[in-house]
Structure formats: C-alpha cells, structure tokens
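Each chain is listed here by its residues.
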Amino acid sequence: MNRAYLDKLFTVVLAGVLAGLALAAAALPAALVFGLGVKNLMPYTVLPEALKTPQPAQRSNLYANDGRTLITSFYVEDRVDVPVGEVAPVMRDAIVAAEDVRFYEHHGVDVRGVARAFTANRREGTRQGASTLTMQYVRNALAGDPRLTEEQRAAATEITVGRKIREMRYALTLERQIGKDEILGRYLNIAYFGAGAYGIAAASKRYFSTTPDRLTLAQAALLAGLVRSPADDPINGDADAARQRRAYVLDRMVETGRVSAADAEAAKATDLALKPNTTPNDCAAVPADHNDWGFFCDWFTQWWNAQPAFGENVDERQRTLRRGGWKIVSSLDPDVQAKASEQVREIYPETIARAAPTAVVQPGTGRVLAMAVNRTYGTTANPDGQQNYPNTVNQLVAGGGGITGYQAGSTFKLFALLAALESGLPLDTEFDAPRVYVTQYPVGAGPASCGGRWCPENANTYWMDGDRDMWDAFGRSVNTYFAWLTERVGADRVVEMAQRLGIVFRAPADAEMAREGAKSWGPFTLGVSATTPLDLAGAYAAVAAEGTWCRPTPVTSITDPGGRTVAAGNTDCRQVLDTEVARAAADASRCPVGDQSMYRRCDGGTAEELAPGLRRPVAGKTGSSERNATETVVAFTPQLAVATIAANPDDPRDAVGGGVQKRQIEAVGRILAWSLRDEPVRDFVPPGQAVAFQHTSPRTGN
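In this convention, every chain numbers its residues from 1, walking through the sequence in written order. This being a predicted model, a pLDDT of at least 70 is required before a residue's local features are given, and a value of 80 or more before pairs of side-chain atoms are given or counted; all residues contribute to the totals for chains, interfaces and linings. The basis for every side-chain value is the complete set of non-hydrogen atoms in the structure, without hydrogens or water.

**Student:** Teacher, can you tell me more about the side chain of R699 here?
**Tutor:** Under the scheme used here, helices are H or I runs from DSSP no shorter than 4 residues and strands are E runs no shorter than 2 residues, and both carry numbers assigned from the N terminus. Following the sequence through the fold, R699 ends up in the segment after α27 (689-693). In this scheme, a residue with accessible area under 20% of its type's maximum is buried, one over 50% is exposed, and one in between is partly exposed, where area comes from a 1.4 Å probe on protein chains only. For the purpose of counting charges, residues Lys and Arg are taken to be positive, whereas Asp and Glu are taken to be negative. His and the chain ends are not included. Between Lys or Arg on one side and Asp or Glu on the other, a salt bridge is scored when a side-chain nitrogen of the former is within 4 Å of a carboxyl oxygen of the latter. One buried charged residue, R699, remains without a salt bridge, the closest side chain of opposite sign being D578 at 5.9 Å. The definition of a polar contact used here is a pair of N or O atoms within 3.5 Å, where within protein one atom must be able to donate a hydrogen and the other to accept one, and adjacent residues in sequence count solely through side-chain atom pairs. Within polar-contact distance, the side chain of R699 engages the backbone oxygen of Q694 at 3.0 Å. Throughout, a contact is declared for two residues whenever any of their heavy atoms are within 4.5 Å. Excluding residues that lie within four positions of it along the chain, R699 makes contacts with L421, E422, G424, L425, D578, V581, A690, V691 and Q694.

Below is the structure:
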C-alpha cells in the first residue's frame, strides 16, 4: 500500500469510529466499534439510484396552452430544481459558511469536525452531529427519494450508528464521482428553508418574490440561516430568531473571508424586507379572478388519475404528479374559456339553480379549449338540498365523481344517421313520416307506449310529418323518421355507434341497457341516455374531422424535469368512420342550424338563426328531452365543436323549458364566432354522389 492510500484508509476508519461515538453521545465499547470491521468503513463501490440520479420531490406546474400562464401547481414539497450556476455566488458562500466551512477542503467527511463534536459531546453533554454538507445531502436525498418505500425513507433518517456510517461511506463515494459545485447545487435544491419552501428556488420566491440568481447578501444570509432552524422562518415563526441566525451566518462569512466586516454589518442593519409569495397548490388554488379554470383543472386531475403511464393505481399516479416536477402545458385557451364563461352566464346567471355546462373541443386533436358552467368552483356550503349550487367541485361538464350526465334529446339522432349511412343507405333515403310511429321495440307504460310498443310522435305535426329524407329529417328533427330508421339498421348498431364516438354510459341503468338490451333500446335514438357536454362535443368533433375521433384531452404536452416529452401527453386519435360517411353526416348536420348542404337539400332547421350570425360554414343539432326537462345545442365547424346542455343537476324534475334553447343557440354562436375570429373560413368537404344518392354495400371505413 502507498502512503496516500493508508492516509485515506485511516481517515475513513477514524471518521467512522468517532461518528459512532458522537452519535451515541457517549463512548461505545471499542470492541463494538472495531467489530464493524475495516471493510464496513470503506467507501461504497456503487451508489444507490437516489444519489446517482437524484429525484427529489418537485412541484408540477399546469399551464394554459400558451405554456406561460400558470393555472396551478401540484406538490407535496414546493420545489423546483435550478442549476448551481443560476444561484447567486453570495448564496453559495452563505450556505457553505453556515453549514460546512471546510466543504471545499474535505473529501466528504470532515475528521476535524467529527473529533470536535465527539469532544464536545463527552465534555458538555451536548449533541453535535458533525455532518458535512455532503453528508446532509446524502441523508436528504435518501429520505426524499420517491422511488423508495416509506420504510426505506424512514431508515435514511433513523438515529443510529449504522445510519451515520452509511452516510459517511456514501459521502466519500459521492465526492469521488462528482464535483463539489455539483454537490453544492444538489444540496441547495433539496434543503428545506421553512415556510413550505424546499430548495433555493422556492425559498427565493417564498420569502422575497425573487429568483436565486438575484439574491442579495442580506437575503442569502437569512436563507442560509434557516436551513439549520426552519421553524424560525420570519413569515410564520420568530423574526427575531431569524435575524439572529442571519447575523450568525454573516459573522461566519466574515471569518471565512467571503465578505468584509463592513458589508456584513451593513447587511445586519438591513430590514428583513420580506415579500412573501405563495405557490398555488391544487385546483382550489387557481387564481381567484379565474375561478372558472377550476372545473378544467378538476377534469385534468381526473384525466391524470386514469393514465397508467403514471402509476399502477390512483394513489401512485397522484404521488407521481405531486412529486415529479412535470411541466404540463394544457389545452385550456384562456381567451376561449373567458368567452365561454361569459356566454354561459348569458344562458343562466350564477343566481339560478339551473346550470348550462358547456365544452369546447378541437376536432382532429381532441384538445379541450374550454369548460364552462355558471357555478363557483369551491367547497363553500350550499343551501340545504343543493349539492351543486351555487358552489361545487363536482364535474358538471365532463361527468364522473357521481355526475352521470343529462339527457341530450335529439342530438343522439346523429348516431342513427351515421349507422344508417354506414349500412349503405344514402342521404336521400325517403320515408313518409307519420305523426306517430309504432315500432317493434317493447317499452313499459307511458306516453310513448302503444300496446307495450315504443311509439314516438313528432313534436310539430304540420312541420315534421310527411315525406322526408335524411337531410330534412335531421334538420327538422323528425322523431318518427329516426324511429323508423333505427328499426332499419338496428338499435344495437346505433348504440355501438355512440360508444364508438366516445359516449360513455355513466349511469348504471344506461350501462346495463347498452350491455344487455341494446337490440331493443329503440328510444336510445331520441337521447334518453345520460351524457355530458364534453362527450357530446367530442362525438360531433369526430364528424367535423371527417371520421377521426380523438379522445378528449386536457393536455398539449407533458415534459419531465429533464425536458423530455412523455408520450402520455400525445393525442389519442383514430379513424372510426368511413370518410364519406362522416362527410355525409356533416352535410346533413348543416340543415338544423340554418346552413345549406352541398346538394342544396336542407329545407328547414330547429336552429336556423345560428348560421347567418356566424357567417361561415357550420353544422350542428339541437335536442330536447321529454317535457323539456333538458335542452341541448351542439354546433361545429371544421375547426371547433361546442356543446351545451341546460339542466338542473340537483333536481331532474325541474324542467328547464324550451325557451332556454334560444339563449343556448345565441351563446354557442357567439363562442364559435369569438374563438374563430382570427381563423380562416373553412368549408366542409362535400360527400360524393354515392353516399348521397345510392344504396351500396356497407361502408365500413378507410
């Protein structure tokens, strides 16, 4: 052995022995200490992943679609890593002076410090741990590693001789593998500074509303002093104690020659000049003047909890979100959201129990640009019997969490239209629609029962009865035409079409009927199943995108702390309809909203006032449930789809009445006009002659 190796070995052995003695606060039997063996006091040959590739808990940030506007953050520890080069030199000097004045001289274990601590502990009965800055980092990194179990993290901070020796061995190994500045940077990013601030970036913001590279001497000394005693933070704790700690750090900086005595005295005389700044956490903390963002944020968390890429179950996925340091650029467009929220309140104000949940979806991507409802997002108590008025955190727009949705009436005729076109029937399929049509589908007693058979009737005999094709039957919303059409193609195919386009059966009775009784579910065509504005907008967006259905998504991109994009943030799109079928359905959908089909076959619509005000090609559909319990409007262009449903979420017996539909049509038109004001005018691609006028074999897709 050469002398250098012997010196290092002696250092390790001595450090291990004295650390054990210092930690025990009394001399251990020599035989016990040396019984550990020289081998167990040597540096490790391999570092754990927590030290090789540290992953301290970092906050995840959710941004609007511009990538800059913060919606909220999610964290268990408010931390975001910064490179050591972006930390002011005065801060680096301050933390070294406060925590480990010989940091740049030792190799991870400071023998002098251990000896000093051991002597003080024996003589004065105190408890000095003699941990170097590197050893502190090791302990914190192991304790905070999200890849470890709670038991493993607890073991990293247990007060035992074995733990202290492990720290020393890891510290020695770490300093062989990475440089001092890197260790210092990691330490600054992992340390707790009190007041909920983890890491120097969060601490700079929390106390002074600044960034680490702009810290002054007085600010740096204050933060450095808080690491040893975070309970003394001057925001929530003892400002005088914080000043004393700041003075201590400044004195140490003078002793080490990092600052002059005059500068230190000037810093001591400086007022704390705190500018507290909190980081929002979770959806309840969205900016107060953008409370309506809370519903989108809530749906984002639902979406995240359903992604297997982030963990095996909801608890794991939430830990991943709140510890992973993700940058999540959402699909929320603040401009579109503001207009949607404004227009929803034109349908119903916040002072009414009825709601108008509304969704805005981008065809071809599934990105959700806005989710609006005339409610306050929050948990403030409501009047008795009102779970969702005027305050709620329930998902009225997207469903879930006990919200099954609302009947959307004749908007479901789209699925019968698509199933018929797919079966080979053309748009000009004619039927002499009577006032009442008795079908083969069995139903119980009720106004639409004729001898136990479902027999819907038209709402307006003069305007709806008679010879109709798909264009004007869809435009005028002729119930008996679509009951007949459903018989021709099969109710189960209509139900399957709705599921293919993203309609989710959240109500148990609906799910059971779709699973067990779809063949006899004729009334499904008239929208008796509960749905949501988001599902409905997504389904109509698939028609706008010529048959490409995209799973509605709240994100545009997700990147990890290293800047790598993760696939979970990609769009999930698939061609679910033959292109010609989708084009034909879009052509028929122009009739209800006052536009004209490519073949000039539209002859009346239930929302004819929509197209003239928009002044661009538009399609859509209205729907009314039985006795006008709910009212629905959907409209789309090739670039955007909007769906709104008027209902009382707390009382389905409270029929909203047909009068609200006029306000819904106006609101949807204004949302489209505003959102597309800077977009080029795009027309729908006309369907071919075959799908418009010829019976063919089934059109099964591209």
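**Student:** Please clarify how the pattern of salt bridges should be interpreted in this entry.
**Tutor:** With the rule as written, the count across this model stands at 38 salt bridges. The shortest N-O distance in the salt bridge between R322 and D282 comes to 2.6 Å. Highlighted residues: R322 in helix α15 (residues 314-323) and D282 in the loop between α13 (261-268) and α14 (293-305), separated in sequence by 40 residues. For R322, a relative accessible area of 16% puts it in the buried group. The salt bridge involving D683 is made with R590; its shortest N-O contact spans 3.3 Å. Of this pair, D683 sits in the loop between α26 (660-675) and α27 while R590 sits in the loop between α24 (579-589) and α25 (610-614); the two residues are 93 residues apart in sequence, bridging distant segments of the chain. Taken together, the salt bridges that share partners define one network made up of R102, E105 and D110.

**Student:** Just checking my understanding: could you explain helix α6 (residues 133-143) for this structure?
**Tutor:** The α-helix winds at 3.6 residues per turn, so residues separated by three or four positions along the chain end up facing the same way. By the criterion of burial, α6 is predominantly enclosed, with 9 of the 11 residues buried. When α6 is considered as a whole, its buried residues turn out to be L133, T134, M135, Q136, Y137, V138, R139, A141 and L142.

**Student:** Sorry, what's going on with unusual backbone geometry here?
**Tutor:** Here the bond from Y389 into P390 is cis, since omega is -5°, no more than 30 degrees from zero. Backbone geometry at S477 places phi at a positive 60°, although glycine is not the residue there. Within the secondary structure layout, S477 lies in the loop between α19 (470-476) and α20 (479-489). Of the residues examined, S477 reaches a relative accessible area of 7% and is grouped as buried. A positive phi is found at R627, a non-glycine position, where the angle reads about 60°. Its location among the elements puts R627 in the loop between β17 (619-624) and β18 (631-636).

**Student:** Looking at this model, I keep getting lost on the sheet that holds strand β1 (residues 60-63). Mind explaining?
**Tutor:** By definition, the strands of a sheet pair up through backbone hydrogen bonds, in either a parallel or an antiparallel sense. The pairing criterion is simple: DSSP has to find at least two bridges between the two strands. Here we have 4 strands laid out as an open sheet, ordered β2-β1-β3-β15, and mixed in their pairing. Of all strands in the sheet, those bounded by a partner on one side alone are β2 (70-74) and β15 (555-559). Going from strand to strand, the sheet's axes swing by 15° on average, the running direction of each strand aside. Bridge analysis of strand β3 (residues 327-330) against β15 gives 4 bridges, and the strand direction is antiparallel. By the bridge assignment, I328 is partnered in β15 with I558. Along the sheet, α14 makes contact with β1, β2, β3 and β15, crossing β2 at roughly 45°. Throughout, an axis means a line fitted to C-alpha atoms (over the contacting stretch in the case of helices), and angles, computed between N-to-C directions, take values from 0 to 180 degrees.

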